[in-house]
Number of protein chains: 2
Amino acid sequence: MAQTDELKTVGKRTSRLNGPDIVTGRIGYADDVQVPGMLYGRILRSPHGHARILKIDVSKALALPGVVDVVTGQDVPDTGFFAGDEVCYHGQKVGAVAATDPDIAEDALELIQVDYEVLPAVVDPLMGLAPDAPEAQLGASSQVVNGKRLPNVTSHAVTETGDVEKGFAESDAVVEYEYRVPMFHQTYLEPNAATARVEANGRLTVWTSSQGMFGIRDGLAEALGIPQSQVRVILQEMGGGFGAKNRVNVEGPAAVLALRTGQPVKVTINREEVFMDGRPAPGCWIRLKTGARKDGTLMAVEGQIVWDGGIEGRSGNARRLLGLYKVPNVRIEAFSVRTNKPVPGAYRAPGAPQTALARESNIDMVAHKLGMDPIEFRLKNAIGKGEQPGMDHDWLKDTIRQTAEKARWGRRRLKRNQGMGIACGEWQNGSGPTHADITMRGDGSVTVLTGQADITGVHTVMAQVVAEELDVPVEKVTVTLGDTDTVAYTSLSAGSKAAYSASTVAREAAENTREEVLKRAAAHLEASVEDLVLADEVIRVKGSPGQSVSLAELAEAAIGSAAGPITGRASLGSLKSHPSFSVNIATVEVDPETGRVKLIDLVAAQDVGRALNPMLVEGQIQGGAVQSVGFGLMEGIQYDDQGRVLNPNLLDYAIPTALDVPDIQTVIVEEPCEHGPYGSKGVGEPPIIPGGAAVANAIYSAVGARVTEVPTTPERVVAALKDADSNNR
Amino acid sequence: MAQTDELKTVGKRTSRLNGPDIVTGRIGYADDVQVPGMLYGRILRSPHGHARILKIDVSKALALPGVVDVVTGQDVPDTGFFAGDEVCYHGQKVGAVAATDPDIAEDALELIQVDYEVLPAVVDPLMGLAPDAPEAQLGASSQVVNGKRLPNVTSHAVTETGDVEKGFAESDAVVEYEYRVPMFHQTYLEPNAATARVEANGRLTVWTSSQGMFGIRDGLAEALGIPQSQVRVILQEMGGGFGAKNRVNVEGPAAVLALRTGQPVKVTINREEVFMDGRPAPGCWIRLKTGARKDGTLMAVEGQIVWDGGIEGRSGNARRLLGLYKVPNVRIEAFSVRTNKPVPGAYRAPGAPQTALARESNIDMVAHKLGMDPIEFRLKNAIGKGEQPGMDHDWLKDTIRQTAEKARWGRRRLKRNQGMGIACGEWQNGSGPTHADITMRGDGSVTVLTGQADITGVHTVMAQVVAEELDVPVEKVTVTLGDTDTVAYTSLSAGSKAAYSASTVAREAAENTREEVLKRAAAHLEASVEDLVLADEVIRVKGSPGQSVSLAELAEAAIGSAAGPITGRASLGSLKSHPSFSVNIATVEVDPETGRVKLIDLVAAQDVGRALNPMLVEGQIQGGAVQSVGFGLMEGIQYDDQGRVLNPNLLDYAIPTALDVPDIQTVIVEEPCEHGPYGSKGVGEPPIIPGGAAVANAIYSAVGARVTEVPTTPERVVAALKDADSNNR
């Protein structure tokens with residue numbers, strides 16, 4: 001195994017190997033799939049937030065020349081792909097059309113007549129919490145809380161430690177705020193597309209864009225009531241997912257249409273559909289009360305969180321309201337509420353930006369109230385080495401300190417109406433089955449086959465790891481994604497898992513290959529394995545410089561040998577989790593007249609254990625920071641009171657453009673994690689967590705306005721300024 | 001390991017798993033490949049058998065709207081894909097055009113002006129052998145034989161054992177004949193097609209139809225002067241190859257055009273091009289003298305063989321002139337001659353049908369001369385158990401006897417002008433690197449990944465083997481072909497190797513998986529591996545019927561476990577060779593007036609060790625027999641004296657149609673081979689060997705005419721009848 005103090009390839013700034021293919025658009029995306037005889041599918045969607053379907057008449061659509069099939073939920077009720085007799089959110093799938101031409105399919109949608117009876121919609125999760133709220137889904141399950149039936153509540157949980165009453169009683173400063181976060185969207189660049197074909201032997205092949213092929217396979221098999229073995233899923237390059245492409249979406253209608261027509265069908269959706277039905281992040285309402293002693297010791301946190309769980313009433317994670325600080329007394333009550341909105345999905349560090357907004361704002365306000373520096377306050381309460389499972393170092397404190405150092409916290413001269421704000425985020429890497437199969441070509445180059453979808457350059461990192469262990473140039477390693485028929489079950493590329501797990505398995509597979517190389521070389525050189533050194537693509541006998549064989553020569557000879565080509569492989573299931581931390585310091589300037597916030601710069605630091613590829617890690621940090629800026633300053637899906645989406649397009653749903661993104665200074669904090677590959681930890685999710693909160697804290701620091709609802713639009717800043725003003729009077 | 005006396009799946013008549021996809025045309029062939037932005041390539045070919053290229057003007061072609069590129073050998077001289085300043089066979093590639101439309105590409109070919117100076121052509125290999133013959137290729141290497149420079153000879157070898165003079169002196173009957181075989185064609189159904197694309201990172205991807213992806217990859221890399229790692233070859237389903245699709249053909253022009261234009265290019269050729277430039281079987285001239293004692297003991301064989309080696313002067317195999325009989329005194333002189341014809345390729349049992357014609361005709365004539373029954377004569381001289389390496393049983397004699405039995409040899413009442421002829425063939429299986437990677441899905445079904453191209457149902461047989469060893473229904477096994485980036489080097493599906501080697505490796509991989517299953521089950525059931533029984537998709541503890549876990553349950557649990565999914569794999573390089581035998585008895589009726597030969601029926605027997613899938617083996621035997629009937633009765637590429645192909649189409653080059661094929665009765669001879677998987681041996685090649693010779697012997701038996709040149713056209717039969725008549729006078 002390569003020693004981490006003498007790495008040649010791991011830890012280097014290797015460009016993403018398929019980068020040129022991606023930026024030139026030559027790589028194959030899901031919508032690039034062309035299958036002979038393919039039909040084009042389009043989806044009919046609900047124009048209402050909540051309505052009863054009285055009648056559907058597809059006859060006119062079916063009569064349109066070129067239309068091959070029209071399917072609705074009435075035809076395939078068990079799949080769950082389409083609404084039954086009730087639509088529960090704007091944009092919900094009602095049916096689909098397959099036609100010989102995409103324009104014909106679009107036209108056919110307009111010929112489907114659906115009679116709706118509009119029903120009251122649950123839009124605001126807090127209102128949906130009420131016992132007398134209308135049902136977001138008629139007759140759906142409900143929960144009884146404190147003796148009251150709450151029709152839209154899907155889960156209710158209380159987390160309690162210590163005695164919060166006592167904690168607050170012992171506090172010298174207590175703050176309490178209510179926060180609101182709307183549903184916000186991953187806004188991945190590539191709208192979903194999938195092509196399905198029924199093979200002559202009855203098996204279903206699906207080409208799609210997803211973070212994991214096996215989840216799509218199993219989801220389709222379950223919905224269609226067929227064995228997993230009857231479905232093959234082949235992933236194309238994914239044009240962004242961020243957690244949204246983890247589950248079956250357009251694959252369902254494509255599969256149903258293909259099964260019904262016997263012809264291949266490609267379903268592609270547009271940006272509007274993505275916004276309406278693309279598994280955005282859940283919104284929430286949070287009330288949070290935080291108390292501390294005047295020495296800065298956090299004493300108690302008490303609060304409620306109500307998750308806007310969309311039509312399935314999905315719950316987010318409430319634990320992350322605490323996470324990275326030691327708090328002796330805690331009580332958190334969490335509700336998940338069913339609303340007339342799409343089912344939320346995972347969006348990069350699911351639930352963490354939302355809870356960080358509340359936690360980090362409160363932390364700042366307590367510090368201010370105590371007259372303490374927010375960084376000192378955080379350092380005092382931050383969890384340290386050994387204070388949480390997997391917390392093997394003072395990762396958090398180091399990261400806070402390095403962020404402050406980089407941002408020149410307390411040393412920077414700010415103008416009037418400028419301010420700096422800090423916020424912290426915490427994540428634990430996931431893990432799951434993954435594997436790598438290695439073969440050596442006769443020219444000494446190396447192939448790696450994996451089931452791990454390539455997001456954020458994970459294949460590049462795998463190539464670096466394999467190159468490191470076999471001591472070949474990284475250019476000689478080709479990493480290829482298999483499909484559900486060719487590789488073992490591999491879990492999603494998500495959850496800050498992909499590079500962490502896949503690098504571990506790539507390293508094991510490369511070690512396995514290296515052993516095989518040395519075994520073959522020992523026979524070839526008539527030496528013992530212990531006497532061999534593999535370096536620079538040559539295997540040498542120690543002390544006999546003349547006795548050597550090149551890797552290429554050995555690999556070529558192996559192909560013709562009785563034992564066959566040199567190969568290696570490794571599989572693993574789960575790995576230990578470790579926390580990793582991100583800290584942002586934002587500097588803003590606020591125009592107190594207009595409420596306009598200008599983000600001047602952002603220092604984004606992250607504790608990564610060890611950066612396997614600093615360039616890719618910086619890319620992760622930058623990308624996450626940009627998304628957190630969007631979350632904090634501009635994003636949010638807007639619904640009217642009937643649950644209709646008001647801004648399902650990139651004109652009305654603003655995301656940061658190059659002009660909105662300030663100078664982002666990244667800091668990679670490296671204190672190796674003993675259990676990660678080469679000391680690394682998961683890096684994908686932490687960067688998105690603290691940015692929104694850091695901006696909110698910077699606004700407060702600049703002009704004393706505490707904005708508690710994101711996005712922090714000018715209107716909200718002006719309102720908060722008025723509040724602050726009236727409180728100061 | 002499953003015991004061969006209690007097999008559940010192996011040895012059963014499982015239908016070819018992708019059969020429905022093949023017969024419905026839904027499976028993807030090379031010409032079905034569609035790549036966005038693809039150009040269409042067409043090839044300019046030599047209209048002459050031999051000529052000097054004086055000048056090429058591509059300007060008019062390049063000026064045609066839609067033409068993107070025109071390339072000739074002058075542009076890419078080092079690749080060898082196109083002629084340089086000399087064309088050496090009719091149909092040789094001179095250049096290629098890439099255009100936005102295939103018709104435009106065709107039109108552009110006609111606008112390329114090539115000035116040729118026609119040179120003398122070497123068409124007949126015997127004439128080419130002469131010291132004063134014109135050079136088939138100007139200035140090419142030559143051989144000196146017996147002090148004379150033979151300008152077109154590329155190899156000369158003499159095989160000698162014992163003393164043939166003495167042998168003939170001790171013989172009571174000696175016969176000597178000259179045989180002629182033209183080049184004949186595999187006539188695969190699917191004309192060659194290949195699509196090449198240069199990825200943005202500079203790597204070359206090629207989709208093609210071939211018997212082996214790695215040979216194409218390495219051939220392209222070598223010709224283009226780039227590393228193997230820069231080429232990825234993805235095989236499509238192959239619509240017939242029979243040895244012809246073993247090497248780079250249209251892949252070369254496709255790659256060159258793609259590299260030059262930067263756009264993907266698909267090159268497809270038509271039937272005429274297939275006939276002119278598709279690597280047919282080599283023709284030959286054979287003079288063979290055979291002597292035996294009156295007790296039927298073969299005493300001596302002496303002869304010469306001159307291979308028509310096309311422009312590379314390829315040599316065929318002379319050893320097979322002997323092969324299956326014990327002969328104490330032998331002298332064979334073999335020449336390979338360069339002629340103005342395409343480079344011959346391998347055609348199913350390369351060289352064996354040609355040599356069998358001479359050997360088996362001579363054997364028959366000696367027997368007749370001695371007044372012995374041809375079968376008795378063969379049985380007397382046939383090699384038996386232990387008389388050749390790998391000859392572990394009396395396979396040949398058993399097969400001769402079973403064929404005779406089935407054909408009711410000597411017991412059948414024949415009409416006037418009817419006759420029966422027997423002939424034998426022998427082959428040794430090849431071997432080469434192959435491997436199988438197995439994974440278990442959560443539903444207990446199984447995936448197999450291999451690099452072994454699926455010809456003749458080899459994937460089906462692999463599925464049967466895996467199903468057998470894991471005791472699951474064969475329907476639950478999916479076999480998938482990888483590509484050069486995803487699997488280890490795998491040699492051609494050719495040489496009677498594919499099922500033999502791939503079944504061996506599939507069995508090992510399945511055993512490896514089974515061990516893993518039992519290991520996981522032992523932990524799951526808290527039992528020891530020794531106490532477990534895997535049967536019918538359930539693992540049970542012996543003696544504790546209640547203690548069990550289903551394969552699906554175990555596989556699903558494994559996915560979530562620390563160790564990850566259940567997998568298994570095996571690789572191998574080479575395996576021992578064993579001879580296997582085919583014997584045909586043909587019954588014909590000859591019209592002595594017209595010379596027309598009607599093949600009434602054919603008994604085709606084959607020694608297969610054990611039939612892994614009797615239906616597929618029968619398919620092999622039937623297919624080979626049909627091809628041997630074509631070889632014997634109708635096929636052959638005709639050249640004029642300038643080397644121009646006269647019959648490059650399926651009207652003028654006749655192959656057997658359903659109307660020409662008689663009742664073929666197959667006999668599977670099973671005497672297990674201890675070293676083959678489940679006792680099996682290679683089965684692909686033997687069936688084509690003896691049919692042509694059997695027909696010739698049957699004609700002699702019917703009307704006393706010895707036809708020594710194939711195809712045995714009516715003209716040749718009439719001529720042979722006249723010869724026989726004059727000899728009898």
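Data block above holds the structure.
What counts and how
- Residues numbered from 1 in each chain as written.
- Chains lettered and ligands numbered in written order.
- Predicted model: local features only at pLDDT ≥ 70, side-chain atom pairs only at ≥ 80, totals over all residues.
- Buried ≥ 20, exposed ≤ 12 C-beta atoms within 10 Å, placed from the backbone.
- Helix = DSSP H or I, 4+ residues; strand = E, 2+ residues; numbered from the N terminus.
- Pairing = 2+ DSSP bridges.
- Contact = placed C-beta atoms within 7 Å.
- Nonpolar A, V, L, I, M, F, W, Y, C, P; charged D, E, K, R; others polar.
- Core = buried A, V, L, I, M, F, W, Y, C linked by C-beta atoms within 7 Å.
- Axes fitted to C-alpha atoms, helices over the stretch in contact; angles between N-to-C directions.
- Parallel < 35°, antiparallel > 145°, perpendicular 65-115°, else oblique.
- Left-handed = near helix turned anticlockwise from the far one by under 90°.
- Least-squares fit on C-alpha atoms with pLDDT ≥ 70 in both.

Engineer: Can you help me understand the pairing of strand β3 (residues 67-72) of chain A in this one?
Structural biologist: Residues and elements named next belong to chain A. For β3, the tally of buried residues reaches six of six residues, placing the bulk of the element in the interior. As paired strands, β3 and strand β5 (residues 93-99) are joined by five bridges and run antiparallel to one another. The residue of β5 that forms the bridge with V70 is V97.

Engineer: Which parts of the structure should I look at to understand the interface of chain B and chain A?
Structural biologist: For an interface, size is often stated in terms of accessible area lost upon the parts coming together. With 47 residues of chain B at the contact, the number on the chain A side is 47 residues. Considering each element in turn, the side of chain B that touches chain A owes the most residues, four residues, to strand β25 (residues 567-572) of chain B. Here the side of chain B that touches chain A is built from residues that sort into 15 nonpolar, 22 polar and ten charged.

Engineer: Sorry, what's going on with the nonpolar core here?
Structural biologist: In summary, soluble globular proteins display a tendency toward joint burial of nonpolar side chains. Judged by nonpolar contacts, the single largest core of 454 residues is most densely connected at A:V466, A:I699, B:V466 and B:I699. When sequence neighbours within four positions are dropped, the list of residues in contact with A:V466 reads A:I438, A:V446, A:V448, A:V477, A:A506 and A:A510.

Engineer: Looking at this structure, how should I read the packing of helix α9 (residues 352-370) of chain B against helix α16 (residues 691-703) of chain B?
Structural biologist: Any two packed helices are characterised by how steeply their axes cross, that is the angle between the axes, and by the distance between the axes. Residue and element names in this part refer to chain B. Where α9 contacts α16, the two axes come as close as 8 Å, and the packing angle between them is 30 degrees. In terms of axis orientation, α9 runs roughly parallel to α16. Once α9 is placed against α16, the crossing between them reads as right-handed. Of α16, the residues touching α9 (which contributes P353, A356, L357, E360, S361 and D364) are G692, A693, A696, N697 and Y700. Classifying every residue of the contact of α9 with α16 by side-chain character gives six nonpolar, three polar and two charged.

Engineer: I tried to follow the environment of A:R287 on my own but got confused; where do I start?
Structural biologist: All names here are of chain A. Looking at the secondary structure, you find R287 in strand β15 (residues 283-292). Expressed as a C-alpha distance, the spacing of R287 and I332, which sit 45 residues apart in the sequence, is 9.6 Å. Ignoring sequence-local partners within four residues, the contact set of R287 consists of E178, G303 and Q304.

Engineer: Would you mind showing me how to read the relation of the copies chain B and chain A here?
Structural biologist: Superposition of the two copies of the chain requires a rotation about an axis and a shift along the axis. When chain B is brought onto chain A, the operation consists of a screw motion whose angular component is 180 degrees and whose axial shift is 0.1 Å, with 0.1 Å RMSD remaining. Interpreted geometrically, this transformation is the action of a two-fold axis. No C-alpha of chain B approaches the rotation axis more nearly than that of B:Q34, which lies at 3.4 Å. Counting the interface residues of chain B, we find that 100% of their copies in chain A are interface residues as well, pointing to one common contact surface.

Engineer: I'm lost on the sheet that holds strand β1 (residues 39-45) of chain B in this one. Help?
Structural biologist: The strands making up a sheet are joined through hydrogen bonds of the backbone, oriented either antiparallel or parallel. Residue and element names in this part refer to chain B. On the basis of which strands lie adjacent, the open sheet formed by seven strands has the order β3-β5-β1-β14-β11-β12-β13 and mixed pairing. Each edge of the open sheet is held by one strand with a lone partner, namely β3 (67-72) and β13 (231-235). Recorded for the sheet is a direction-independent mean angle of 20 degrees between the axes of neighbouring strands. Direction of pairing for strand β11 (residues 193-198) relative to strand β14 (residues 265-268): antiparallel, over a ladder of four bridges. Bridging across to β14, A193 finds its partner in T268. Running over the sheet, helix α3 (residues 102-111) touches β1, β3 and β5 (93-99) and is turned about 25 degrees from β1. Relative to β11, helix α7 (residues 251-261) is tilted by about 25 degrees, and along the sheet it contacts β1, β3, β5, β11, β12 (204-208) and β14.

These figures come from the coordinates and say nothing about function on their own.
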